[in-house]
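This is what each chain is made of:
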Amino acid sequence: MSDKSYLEWPFFEERHRKLEAELDAWARDNVTAEHGDLDSACRELVAKLGAAGWLRYSVGGTAYGGAHETIDTRSICLLRETLARHSSLADFAFAMQGLGSGAVTLYGNDEQKRRYLTRVARGEALPAFALSEPGSGSDVAAMACSARLDGDHYVLEGEKSWISNGGIADFYVVFARTGEAPGARGLSAFIVDADTPGLEIAERIEVIAPHPLARLRFTDCRVPRSAMLGTPGLGFKVAMQTLDIFRTSVAAASLGFARHALDEALRRATTRDMFQQKLADFQITQVKLAQMATSVDSSALLTYRAAWRRDQGHKVTREAAMAKMTATESAQQVIDAAVQIWGGCGVVSNHPVERLYREIRALRIYEGATEVQQLIIARQTLKAYEEG
Ligand SMILES: Cc1cc2nc3c(=O)[nH]c(=O)nc-3n(C[C@H](O)[C@H](O)[C@H](O)COP(=O)(O)OP(=O)(O)OC[C@H]3O[C@@H](n4cnc5c(N)ncnc54)[C@H](O)[C@@H]3O)c2cc1C
(Lines give C-alpha, C1' and ligand atoms only; values in the text may rest on other atoms or scores of the structure.)
Protein backbone atom coordinates (compact mmCIF):
# COMPACT_ATOMS: atom_id res chain seq x y z
CA MET A 1 0.00 0.00 0.00
CA SER A 2 1.49 3.34 -1.08
CA ASP A 3 2.38 5.98 1.49
CA LYS A 4 -0.53 8.45 1.67
CA SER A 5 0.88 10.72 4.39
CA TYR A 6 1.54 13.45 1.79
CA LEU A 7 -2.21 14.07 1.65
CA GLU A 8 -1.92 15.66 5.10
CA TRP A 9 0.39 18.36 3.74
CA PRO A 10 -1.02 21.89 3.87
CA PHE A 11 -1.23 22.04 0.05
CA PHE A 12 -4.47 20.04 0.17
CA GLU A 13 -8.04 20.64 1.27
CA GLU A 14 -10.51 18.03 2.46
CA ARG A 15 -12.05 17.83 -1.05
CA HIS A 16 -8.65 16.74 -2.44
CA ARG A 17 -8.30 13.93 0.10
CA LYS A 18 -11.83 12.76 -0.73
CA LEU A 19 -11.09 12.89 -4.47
CA GLU A 20 -7.94 10.80 -4.08
CA ALA A 21 -9.64 8.18 -1.89
CA GLU A 22 -12.62 7.82 -4.24
CA LEU A 23 -10.47 7.63 -7.36
CA ASP A 24 -8.07 5.12 -5.81
CA ALA A 25 -11.00 2.83 -4.96
CA TRP A 26 -12.53 3.31 -8.43
CA ALA A 27 -9.23 2.66 -10.21
CA ARG A 28 -8.66 -0.55 -8.27
CA ASP A 29 -11.94 -1.92 -9.68
CA ASN A 30 -11.94 -0.35 -13.12
CA VAL A 31 -8.45 -0.15 -14.64
CA THR A 32 -5.70 -2.67 -15.21
CA ALA A 33 -2.17 -2.31 -16.46
CA GLU A 34 -2.88 -4.98 -19.11
CA HIS A 35 -4.78 -4.13 -22.28
CA GLY A 36 -5.49 -5.52 -25.74
CA ASP A 37 -5.83 -3.36 -28.84
CA LEU A 38 -4.41 0.07 -28.00
CA ASP A 39 -6.89 2.28 -29.84
CA SER A 40 -9.98 0.53 -28.47
CA ALA A 41 -8.45 0.37 -24.99
CA CYS A 42 -7.94 4.15 -25.05
CA ARG A 43 -11.45 4.86 -26.29
CA GLU A 44 -12.90 2.53 -23.64
CA LEU A 45 -10.84 4.17 -20.90
CA VAL A 46 -12.00 7.63 -21.94
CA ALA A 47 -15.63 6.47 -21.99
CA LYS A 48 -15.25 4.88 -18.54
CA LEU A 49 -13.46 7.89 -17.06
CA GLY A 50 -16.16 10.13 -18.53
CA ALA A 51 -19.07 8.03 -17.25
CA ALA A 52 -17.55 8.01 -13.76
CA GLY A 53 -17.23 11.80 -13.79
CA TRP A 54 -13.42 12.01 -13.57
CA LEU A 55 -13.05 13.90 -16.85
CA ARG A 56 -14.98 16.85 -15.42
CA TYR A 57 -11.66 17.81 -13.82
CA SER A 58 -9.88 17.97 -17.18
CA VAL A 59 -11.86 20.99 -18.44
CA GLY A 60 -12.64 24.41 -16.97
CA GLY A 61 -16.14 25.95 -16.73
CA THR A 62 -19.14 24.36 -15.02
CA ALA A 63 -21.41 25.50 -17.90
CA TYR A 64 -19.36 23.22 -20.17
CA GLY A 65 -19.27 20.16 -17.91
CA GLY A 66 -16.21 21.12 -15.87
CA ALA A 67 -15.94 20.33 -12.16
CA HIS A 68 -14.77 23.90 -11.45
CA GLU A 69 -14.77 27.27 -13.21
CA THR A 70 -11.02 26.94 -13.82
CA ILE A 71 -8.90 23.81 -13.90
CA ASP A 72 -7.87 22.90 -10.32
CA THR A 73 -4.23 21.94 -10.68
CA ARG A 74 -4.08 19.97 -7.44
CA SER A 75 -7.04 17.87 -8.57
CA ILE A 76 -5.57 17.02 -11.96
CA CYS A 77 -2.24 16.21 -10.32
CA LEU A 78 -3.87 13.89 -7.79
CA LEU A 79 -5.89 12.29 -10.59
CA ARG A 80 -2.79 11.72 -12.72
CA GLU A 81 -0.66 10.47 -9.84
CA THR A 82 -3.33 8.01 -8.73
CA LEU A 83 -4.16 6.77 -12.24
CA ALA A 84 -0.45 6.45 -13.11
CA ARG A 85 0.04 4.28 -10.02
CA HIS A 86 -2.60 1.88 -11.37
CA SER A 87 -2.13 2.07 -15.16
CA SER A 88 -0.07 4.28 -17.44
CA LEU A 89 -2.68 4.01 -20.21
CA ALA A 90 -5.45 5.21 -17.87
CA ASP A 91 -3.24 8.16 -16.93
CA PHE A 92 -2.55 8.81 -20.63
CA ALA A 93 -6.28 8.73 -21.50
CA PHE A 94 -7.08 11.20 -18.70
CA ALA A 95 -4.10 13.47 -19.43
CA MET A 96 -4.92 13.81 -23.12
CA GLN A 97 -8.50 14.92 -22.43
CA GLY A 98 -6.96 17.85 -20.53
CA LEU A 99 -3.92 18.61 -22.68
CA GLY A 100 -5.86 18.23 -25.93
CA SER A 101 -8.66 20.55 -24.85
CA GLY A 102 -6.66 22.87 -22.55
CA ALA A 103 -6.38 25.58 -25.21
CA VAL A 104 -10.19 25.55 -25.63
CA THR A 105 -10.66 25.94 -21.87
CA LEU A 106 -8.20 28.86 -21.85
CA TYR A 107 -9.03 30.65 -25.12
CA GLY A 108 -12.22 29.15 -26.57
CA ASN A 109 -15.30 31.35 -27.07
CA ASP A 110 -18.69 30.25 -25.76
CA GLU A 111 -19.60 28.44 -29.00
CA GLN A 112 -16.27 26.56 -29.15
CA LYS A 113 -16.48 25.57 -25.48
CA ARG A 114 -20.06 24.34 -25.84
CA ARG A 115 -19.25 22.33 -28.94
CA TYR A 116 -16.01 20.72 -27.73
CA LEU A 117 -15.53 20.89 -23.95
CA THR A 118 -18.89 19.38 -22.99
CA ARG A 119 -18.15 16.27 -25.07
CA VAL A 120 -14.57 16.04 -23.74
CA ALA A 121 -15.84 16.23 -20.13
CA ARG A 122 -18.30 13.38 -20.78
CA GLY A 123 -15.73 11.20 -22.52
CA GLU A 124 -17.62 11.45 -25.82
CA ALA A 125 -14.87 13.20 -27.80
CA LEU A 126 -11.11 12.68 -27.80
CA PRO A 127 -8.90 15.73 -28.34
CA ALA A 128 -5.22 16.08 -29.32
CA PHE A 129 -2.60 18.81 -28.97
CA ALA A 130 -0.67 19.26 -32.23
CA LEU A 131 2.36 21.49 -31.67
CA SER A 132 5.51 19.49 -32.52
CA GLU A 133 6.81 18.95 -36.04
CA PRO A 134 9.61 16.84 -37.53
CA GLY A 135 11.79 19.97 -37.67
CA SER A 136 10.54 21.77 -34.56
CA GLY A 137 10.28 20.02 -31.20
CA SER A 138 12.10 21.87 -28.42
CA ASP A 139 12.45 24.88 -30.74
CA VAL A 140 8.74 25.68 -31.11
CA ALA A 141 9.41 29.02 -32.81
CA ALA A 142 10.95 27.16 -35.78
CA MET A 143 7.49 25.84 -36.69
CA ALA A 144 6.92 25.45 -40.45
CA CYS A 145 3.28 24.32 -40.67
CA SER A 146 1.38 27.30 -42.08
CA ALA A 147 -2.19 28.66 -42.18
CA ARG A 148 -2.99 31.12 -44.98
CA LEU A 149 -6.14 33.24 -44.93
CA ASP A 150 -8.30 32.71 -48.03
CA GLY A 151 -11.67 34.50 -47.80
CA ASP A 152 -13.57 33.05 -44.84
CA HIS A 153 -11.17 30.15 -44.45
CA TYR A 154 -7.65 29.41 -43.29
CA VAL A 155 -5.76 26.90 -45.43
CA LEU A 156 -3.37 24.65 -43.46
CA GLU A 157 -0.28 23.14 -45.07
CA GLY A 158 2.48 21.11 -43.44
CA GLU A 159 3.11 18.34 -40.91
CA LYS A 160 2.81 17.67 -37.20
CA SER A 161 4.73 14.86 -35.55
CA TRP A 162 4.58 12.91 -32.26
CA ILE A 163 0.90 13.74 -31.81
CA SER A 164 -0.57 11.74 -28.93
CA ASN A 165 -4.10 10.49 -29.69
CA GLY A 166 -3.14 10.93 -33.37
CA GLY A 167 -5.35 8.57 -35.37
CA ILE A 168 -8.05 8.23 -32.70
CA ALA A 169 -8.75 11.88 -31.84
CA ASP A 170 -12.07 13.49 -32.79
CA PHE A 171 -10.44 16.93 -33.04
CA TYR A 172 -6.97 18.45 -32.99
CA VAL A 173 -5.82 21.78 -31.58
CA VAL A 174 -3.30 22.69 -34.27
CA PHE A 175 -0.66 25.42 -34.06
CA ALA A 176 0.41 26.97 -37.37
CA ARG A 177 2.34 29.92 -38.72
CA THR A 178 0.04 32.78 -39.75
CA GLY A 179 2.91 35.24 -40.12
CA GLU A 180 1.84 38.31 -38.12
CA ALA A 181 5.49 38.61 -36.98
CA PRO A 182 8.65 36.52 -37.26
CA GLY A 183 9.26 33.52 -34.96
CA ALA A 184 7.03 32.81 -31.99
CA ARG A 185 4.89 35.93 -32.48
CA GLY A 186 3.60 34.74 -35.86
CA LEU A 187 1.74 31.60 -34.76
CA SER A 188 -1.99 30.94 -34.26
CA ALA A 189 -4.08 28.08 -32.85
CA PHE A 190 -6.98 26.32 -34.61
CA ILE A 191 -9.49 23.60 -33.79
CA VAL A 192 -9.46 21.08 -36.63
CA ASP A 193 -12.07 18.30 -36.70
CA ALA A 194 -10.51 14.91 -37.47
CA ASP A 195 -12.72 14.41 -40.55
CA THR A 196 -11.74 17.73 -42.19
CA PRO A 197 -10.72 17.08 -45.83
CA GLY A 198 -6.97 17.60 -46.27
CA LEU A 199 -6.04 16.25 -42.82
CA GLU A 200 -4.56 12.77 -42.99
CA ILE A 201 -2.71 10.45 -40.66
CA ALA A 202 0.60 10.17 -42.52
CA GLU A 203 2.10 7.60 -40.15
CA ARG A 204 1.32 5.80 -36.89
CA ILE A 205 4.39 5.82 -34.63
CA GLU A 206 5.27 2.95 -32.27
CA VAL A 207 7.19 3.81 -29.11
CA ILE A 208 8.70 1.83 -26.20
CA ALA A 209 5.62 2.29 -24.02
CA PRO A 210 2.85 2.19 -26.64
CA HIS A 211 0.09 4.74 -26.83
CA PRO A 212 -1.69 6.14 -29.89
CA LEU A 213 0.82 8.45 -31.58
CA ALA A 214 0.95 9.76 -35.14
CA ARG A 215 2.41 12.10 -37.71
CA LEU A 216 -0.27 14.28 -39.31
CA ARG A 217 -0.21 15.82 -42.77
CA PHE A 218 -2.21 18.89 -43.84
CA THR A 219 -2.67 19.42 -47.57
CA ASP A 220 -4.92 22.27 -48.68
CA CYS A 221 -6.81 21.69 -45.42
CA ARG A 222 -9.47 24.41 -45.13
CA VAL A 223 -10.96 25.40 -41.80
CA PRO A 224 -13.40 28.27 -41.20
CA ARG A 225 -12.04 31.47 -39.64
CA SER A 226 -14.24 30.65 -36.64
CA ALA A 227 -11.97 27.65 -35.91
CA MET A 228 -9.27 29.97 -34.59
CA LEU A 229 -8.67 29.99 -30.85
CA GLY A 230 -8.08 33.51 -29.57
CA THR A 231 -6.72 36.04 -32.05
CA PRO A 232 -4.16 35.84 -34.91
CA GLY A 233 -0.58 35.74 -33.59
CA LEU A 234 -1.56 34.45 -30.14
CA GLY A 235 -0.65 30.81 -30.85
CA PHE A 236 2.63 30.66 -28.94
CA LYS A 237 1.01 32.12 -25.82
CA VAL A 238 -1.91 29.69 -26.14
CA ALA A 239 0.50 26.74 -26.37
CA MET A 240 2.75 27.87 -23.52
CA GLN A 241 -0.15 28.62 -21.16
CA THR A 242 -1.64 25.20 -21.89
CA LEU A 243 1.73 23.58 -21.15
CA ASP A 244 2.08 25.64 -17.97
CA ILE A 245 -0.98 23.84 -16.53
CA PHE A 246 -0.14 20.37 -17.72
CA ARG A 247 3.63 20.38 -17.15
CA THR A 248 3.03 20.06 -13.40
CA SER A 249 0.72 17.14 -14.08
CA VAL A 250 3.52 15.33 -15.98
CA ALA A 251 5.50 15.57 -12.73
CA ALA A 252 2.49 14.08 -10.91
CA ALA A 253 2.27 11.16 -13.34
CA SER A 254 6.00 10.46 -12.80
CA LEU A 255 5.34 10.50 -9.09
CA GLY A 256 2.64 7.84 -9.54
CA PHE A 257 5.09 5.64 -11.47
CA ALA A 258 7.79 6.16 -8.80
CA ARG A 259 5.41 5.29 -5.92
CA HIS A 260 4.38 2.13 -7.74
CA ALA A 261 8.06 1.20 -8.23
CA LEU A 262 8.85 1.82 -4.55
CA ASP A 263 5.90 -0.38 -3.52
CA GLU A 264 7.14 -3.15 -5.82
CA ALA A 265 10.70 -2.80 -4.45
CA LEU A 266 9.48 -3.01 -0.83
CA ARG A 267 7.34 -6.05 -1.63
CA ARG A 268 10.31 -7.88 -3.13
CA ALA A 269 12.97 -6.76 -0.65
CA THR A 270 10.91 -7.85 2.36
CA THR A 271 10.06 -11.30 0.97
CA ARG A 272 13.12 -12.38 -1.00
CA ASP A 273 15.32 -14.84 0.95
CA MET A 274 19.02 -14.45 0.35
CA PHE A 275 22.11 -15.53 2.33
CA GLN A 276 19.92 -16.66 5.25
CA GLN A 277 18.11 -13.36 5.58
CA LYS A 278 15.74 -11.11 3.63
CA LEU A 279 17.05 -8.80 0.91
CA ALA A 280 15.69 -5.84 2.95
CA ASP A 281 17.96 -6.80 5.90
CA PHE A 282 21.10 -5.76 3.99
CA GLN A 283 22.21 -2.18 4.57
CA ILE A 284 23.03 -1.82 0.87
CA THR A 285 19.37 -2.48 0.12
CA GLN A 286 18.32 -0.03 2.84
CA VAL A 287 20.45 2.71 1.24
CA LYS A 288 18.55 2.11 -2.01
CA LEU A 289 15.16 2.20 -0.26
CA ALA A 290 16.09 5.37 1.65
CA GLN A 291 17.13 7.10 -1.56
CA MET A 292 13.96 5.97 -3.35
CA ALA A 293 11.66 7.13 -0.53
CA THR A 294 13.43 10.50 -0.30
CA SER A 295 13.24 11.01 -4.08
CA VAL A 296 9.51 10.30 -4.03
CA ASP A 297 8.89 12.83 -1.24
CA SER A 298 11.14 15.50 -2.85
CA SER A 299 9.25 15.13 -6.13
CA ALA A 300 5.89 15.24 -4.35
CA LEU A 301 6.86 18.42 -2.47
CA LEU A 302 7.90 20.19 -5.68
CA THR A 303 4.89 18.93 -7.64
CA TYR A 304 2.26 19.93 -5.12
CA ARG A 305 3.97 23.22 -4.35
CA ALA A 306 3.68 24.13 -8.05
CA ALA A 307 0.06 22.92 -8.19
CA TRP A 308 -0.92 24.76 -5.01
CA ARG A 309 0.75 28.01 -6.12
CA ARG A 310 -1.01 27.91 -9.47
CA ASP A 311 -4.34 27.35 -7.73
CA GLN A 312 -3.59 30.48 -5.63
CA GLY A 313 -3.38 32.43 -8.91
CA HIS A 314 0.42 32.74 -9.14
CA LYS A 315 2.54 32.31 -12.25
CA VAL A 316 4.41 29.00 -11.85
CA THR A 317 6.81 28.85 -14.80
CA ARG A 318 9.80 28.26 -12.48
CA GLU A 319 8.03 25.97 -10.01
CA ALA A 320 6.44 23.82 -12.73
CA ALA A 321 9.81 23.44 -14.49
CA MET A 322 11.49 22.40 -11.22
CA ALA A 323 8.74 19.89 -10.51
CA LYS A 324 8.81 18.39 -14.00
CA MET A 325 12.59 18.11 -14.15
CA THR A 326 12.97 16.61 -10.68
CA ALA A 327 9.99 14.26 -10.73
CA THR A 328 10.68 12.76 -14.15
CA GLU A 329 14.44 12.37 -13.66
CA SER A 330 14.18 10.94 -10.16
CA ALA A 331 11.32 8.60 -11.10
CA GLN A 332 13.63 7.09 -13.73
CA GLN A 333 16.22 6.44 -10.96
CA VAL A 334 13.64 5.06 -8.51
CA ILE A 335 12.31 2.69 -11.16
CA ASP A 336 15.83 1.61 -12.13
CA ALA A 337 16.56 0.77 -8.47
CA ALA A 338 13.32 -1.25 -8.32
CA VAL A 339 14.39 -3.24 -11.39
CA GLN A 340 17.75 -3.92 -9.67
CA ILE A 341 16.03 -5.12 -6.48
CA TRP A 342 13.85 -7.49 -8.52
CA GLY A 343 16.98 -8.93 -10.22
CA GLY A 344 16.29 -11.13 -13.26
CA CYS A 345 12.54 -10.94 -12.71
CA GLY A 346 12.76 -7.18 -13.11
CA VAL A 347 13.67 -7.38 -16.77
CA VAL A 348 11.07 -9.97 -17.79
CA SER A 349 8.68 -8.49 -20.36
CA ASN A 350 5.56 -7.06 -18.79
CA HIS A 351 6.70 -7.44 -15.21
CA PRO A 352 5.35 -4.32 -13.43
CA VAL A 353 8.84 -2.81 -12.93
CA GLU A 354 9.89 -3.65 -16.50
CA ARG A 355 6.79 -1.86 -17.77
CA LEU A 356 7.50 1.15 -15.55
CA TYR A 357 11.09 1.22 -16.84
CA ARG A 358 9.73 1.77 -20.37
CA GLU A 359 6.77 3.94 -19.37
CA ILE A 360 8.76 6.64 -17.58
CA ARG A 361 11.25 7.30 -20.38
CA ALA A 362 9.26 9.60 -22.66
CA LEU A 363 8.18 11.85 -19.79
CA ARG A 364 11.75 13.18 -19.59
CA ILE A 365 11.38 14.32 -23.23
CA TYR A 366 7.85 15.51 -23.91
CA GLU A 367 6.23 18.78 -22.81
CA GLY A 368 9.73 20.22 -22.65
CA ALA A 369 12.79 17.95 -22.28
CA THR A 370 14.80 18.14 -19.04
CA GLU A 371 17.35 20.43 -20.72
CA VAL A 372 14.54 22.85 -21.66
CA GLN A 373 13.35 22.86 -18.02
CA GLN A 374 16.94 23.55 -16.90
CA LEU A 375 17.10 26.57 -19.20
CA ILE A 376 13.76 27.87 -17.89
CA ILE A 377 14.86 27.49 -14.25
CA ALA A 378 18.24 29.14 -14.91
CA ARG A 379 16.62 32.03 -16.80
CA GLN A 380 14.11 32.65 -14.01
CA THR A 381 16.81 32.40 -11.31
CA LEU A 382 19.11 34.87 -13.11
CA LYS A 383 16.19 37.24 -13.72
CA ALA A 384 15.25 37.22 -10.03
CA TYR A 385 18.90 37.88 -9.08
CA GLU A 386 19.29 40.73 -11.57
CA GLU A 387 16.05 42.33 -10.38
CA GLY A 388 17.55 42.27 -6.87
C1 LIG B 1 5.70 9.75 -26.47
C2 LIG B 1 5.67 11.15 -26.97
C3 LIG B 1 4.44 11.83 -27.00
C4 LIG B 1 4.39 13.15 -27.48
N5 LIG B 1 3.17 13.77 -27.58
C6 LIG B 1 3.10 15.02 -28.14
C7 LIG B 1 1.83 15.65 -28.36
O8 LIG B 1 0.77 15.14 -28.01
N9 LIG B 1 1.82 16.85 -28.98
C10 LIG B 1 2.95 17.48 -29.39
O11 LIG B 1 2.87 18.58 -29.95
N12 LIG B 1 4.17 16.90 -29.20
C13 LIG B 1 4.26 15.69 -28.59
N14 LIG B 1 5.49 15.09 -28.41
C15 LIG B 1 6.69 15.75 -28.90
C16 LIG B 1 7.58 16.26 -27.80
O17 LIG B 1 7.04 17.39 -27.20
C18 LIG B 1 8.97 16.48 -28.45
O19 LIG B 1 9.52 15.21 -28.69
C20 LIG B 1 9.88 17.28 -27.54
O21 LIG B 1 9.46 18.62 -27.47
C22 LIG B 1 11.34 17.26 -28.06
O23 LIG B 1 11.38 17.57 -29.40
P24 LIG B 1 12.21 16.65 -30.44
O25 LIG B 1 11.74 15.24 -30.24
O26 LIG B 1 12.10 17.25 -31.76
O27 LIG B 1 13.69 16.72 -29.90
P28 LIG B 1 14.71 17.92 -30.17
O29 LIG B 1 14.04 19.23 -30.07
O30 LIG B 1 15.48 17.58 -31.39
O31 LIG B 1 15.64 17.75 -28.89
C32 LIG B 1 16.47 16.58 -28.73
C33 LIG B 1 17.15 16.66 -27.40
O34 LIG B 1 17.96 17.80 -27.35
C35 LIG B 1 18.09 18.22 -26.00
N36 LIG B 1 17.85 19.67 -25.95
C37 LIG B 1 16.72 20.34 -26.24
N38 LIG B 1 16.89 21.68 -26.10
C39 LIG B 1 18.20 21.84 -25.71
C40 LIG B 1 19.01 22.96 -25.42
N41 LIG B 1 18.51 24.21 -25.49
N42 LIG B 1 20.31 22.76 -25.06
C43 LIG B 1 20.82 21.51 -25.00
N44 LIG B 1 20.09 20.40 -25.25
C45 LIG B 1 18.81 20.57 -25.62
C46 LIG B 1 17.09 17.41 -25.18
O47 LIG B 1 17.76 16.37 -24.50
C48 LIG B 1 16.18 16.83 -26.22
O49 LIG B 1 15.62 15.60 -25.81
C50 LIG B 1 5.57 13.78 -27.89
C51 LIG B 1 6.80 13.10 -27.83
C52 LIG B 1 6.85 11.82 -27.37
C53 LIG B 1 8.17 11.11 -27.32
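No experiment lies behind these values; they were computed from the predicted model shown.

Further remarks concern the site of the ligand. Close to the ligand lie 18 residues; Phe 129, Ser 132, Ser 138, Trp 162 and Glu 371 are nearest. Ser 132 is positioned such that a nitrogen or oxygen atom in its side chain is 2.7 Å from a nitrogen atom of the ligand. Measuring from a nitrogen atom of the ligand, one finds a side-chain N or O atom of Ser 164 at 2.9 Å. Isolated, the ligand exposes 980 Å² of accessible area, and the fraction of that covered by the protein chains is 67%. Broken down by secondary-structure element, the contributors of at least two residues to the shell around the ligand are strand 3 (153–164) and helix 10 (370–386). For the shell around the ligand, the residue count by class is 11 nonpolar, 5 polar and 2 charged. Structurally, the shell around the ligand is a two-domain feature, drawing no fewer than three residues from each of domain 2 (129–235) and domain 3 (240–387).

What follows concerns helix 4 (residues 88–107). In a regular helix each residue adds 1.5 Å, so 20 residues correspond to 28 Å; helix 4 covers 29 Å between its end C-alpha atoms and thus fits that length. Extensive coverage of helix 4 is indicated by the burial of 18 of its 20 residues.

Attention shifts here to unusual backbone geometry. Most peptide bonds take the trans configuration, and most residues that are not glycine carry a negative phi. The phi dihedral of Trp 162 falls on the positive side, at around 60 degrees, and the residue is not glycine. Structurally, Trp 162 can be placed in strand 3. Residue Trp 162 is classed as exposed on the basis of its relative accessible area of 51%.

For the rest of this paragraph, the subject is the packing of aromatic side chains. Taken as a whole and assessed by the stated rule, the structure comprises 11 aromatic pairs. Between Phe 11 and Trp 308, the ring centres sit 5.9 Å apart and the planes meet at 50 degrees, which makes this aromatic pair tilted. Of this pair, Phe 11 sits in the segment before helix 1 (14–30) while Trp 308 sits in helix 7 (residues 283–311); the two residues are 297 residues apart in sequence, bridging distant segments of the chain. Between the aromatic rings of Trp 26 and Trp 54, the centroid separation amounts to 6.0 Å while the plane-to-plane angle is 65 degrees, which identifies the pairing as edge-to-face. You can see Trp 26 sitting in helix 1 and its partner Trp 54 sitting in the loop between helix 2 (38–51) and helix 3 (73–86), a full 28 residues away along the chain. In this pair, the class of Trp 26 matches that of Trp 54, namely buried. In this structure an aromatic cluster arises from ring pairing among Tyr 6, Trp 9, Phe 11, Phe 12, Tyr 304 and Trp 308. One Lys or Arg, Arg 259, reaches over the ring of Tyr 6 and ends 4.0 Å from the middle of that ring.

Looking now at the side chain of Ser 188. With respect to the helices, strands and loops of the structure, Ser 188 is situated in strand 5 (residues 187–193). Looking at Ser 188, its side chain comes within polar contact range of the main-chain nitrogen of Gly 233, at 2.9 Å. Look past the residues within four positions of Ser 188 in its chain and what remains in contact with it is Val 174, Phe 175, Ala 176, Thr 178, Glu 180, Met 228, Thr 231, Pro 232, Gly 233 and Gly 235.

The next subject is the UniProt feature "domain: Acyl-CoA dehydrogenase/oxidase N-terminal" (unreviewed entry) in the protein. If you check UniProt for "domain: Acyl-CoA dehydrogenase/oxidase N-terminal" (unreviewed entry), the listed places come out as residues 14–124 in our numbering. With 70% helix and 0% strand, residues 14–124 has end C-alpha atoms that lie 30 Å from one another.

Turning our eyes to something else, we now look at the environment of Gly 166. With respect to the element layout, Gly 166 can be found in the loop between strand 3 and strand 4 (171–177). Look at Gly 166 and you get buried, because its relative accessible area is 0%. Taking the C-alpha atoms as reference points, Gly 166 and His 314, separated by 148 residues in sequence, lie 33 Å from one another. Non-local contacts of Gly 166, meaning those with residues more than four positions away in its chain, are made with Tyr 172, Ile 201, Arg 204, Pro 212, Leu 213 and Ala 214.

It is worth spelling out the environment of Glu 14 at this point. As for its placement among the helices and strands, Glu 14 is situated in helix 1. Taking the relative accessible area as the measure of exposure, Glu 14 reaches 55% and is therefore exposed. Separated by 140 residues in sequence, Glu 14 and Tyr 154 have C-alpha atoms that sit 47 Å apart.

A few words on the domain arrangement of the protein. Along its sequence, the protein is carved into domain 1 (5–126), domain 2 (129–235) and domain 3 (240–387). Between domain 2 and domain 3, the contact holds 7 residues from the first and 7 residues from the second. Around 540 Å² of area is buried between domain 2 and domain 3 when both sides are counted, 78% of it from carbon and sulfur atoms. There are 0 salt bridges connecting domain 2 and domain 3. The interface formed by domain 2 and domain 3 includes 1 residue pair in polar contact (both at pLDDT 80 or more). Partitioned by chemical class, the residues of the side of domain 2 that touches domain 3 number 6 nonpolar, 1 polar and no charged.

Criteria and thresholds
- Residues numbered from 1 in each chain as written.
- Predicted model: local features only at pLDDT ≥ 70, side-chain atom pairs only at ≥ 80, totals over all residues.
- Heavy atoms only, no water.
- Near = heavy atom within 4 Å.
- Polar contact = N/O pair within 3.5 Å; in protein donor to acceptor, adjacent residues only side chain to side chain.
- Areas by Shrake-Rupley, 256 points an atom, 1.4 Å probe, with all protein chains shown as cover.
- Helix = DSSP H or I, 4+ residues; strand = E, 2+ residues; numbered from the N terminus.
- Nonpolar A, V, L, I, M, F, W, Y, C, P; charged D, E, K, R; others polar.
- Domains from an automatic or database assignment.
- Expected span 1.5 Å × (residues − 1).
- Buried < 20%, exposed > 50% of the residue type's maximum accessible area, 1.4 Å probe, protein only.
- Phe/Tyr/Trp six-rings, centres within 6.5 Å; stacked < 30°, edge-to-face > 60°.
- Lys NZ or Arg CZ within 6 Å of the ring centre and 35° of its normal.
- Contact = heavy atoms within 4.5 Å.
- UniProt positions renumbered as here; feature names shortened; annotations may be inferred.
- Buried area = accessible area lost by both parts, 1.4 Å probe.
- Salt bridge = Lys/Arg side-chain N within 4 Å of Asp/Glu carboxyl O.

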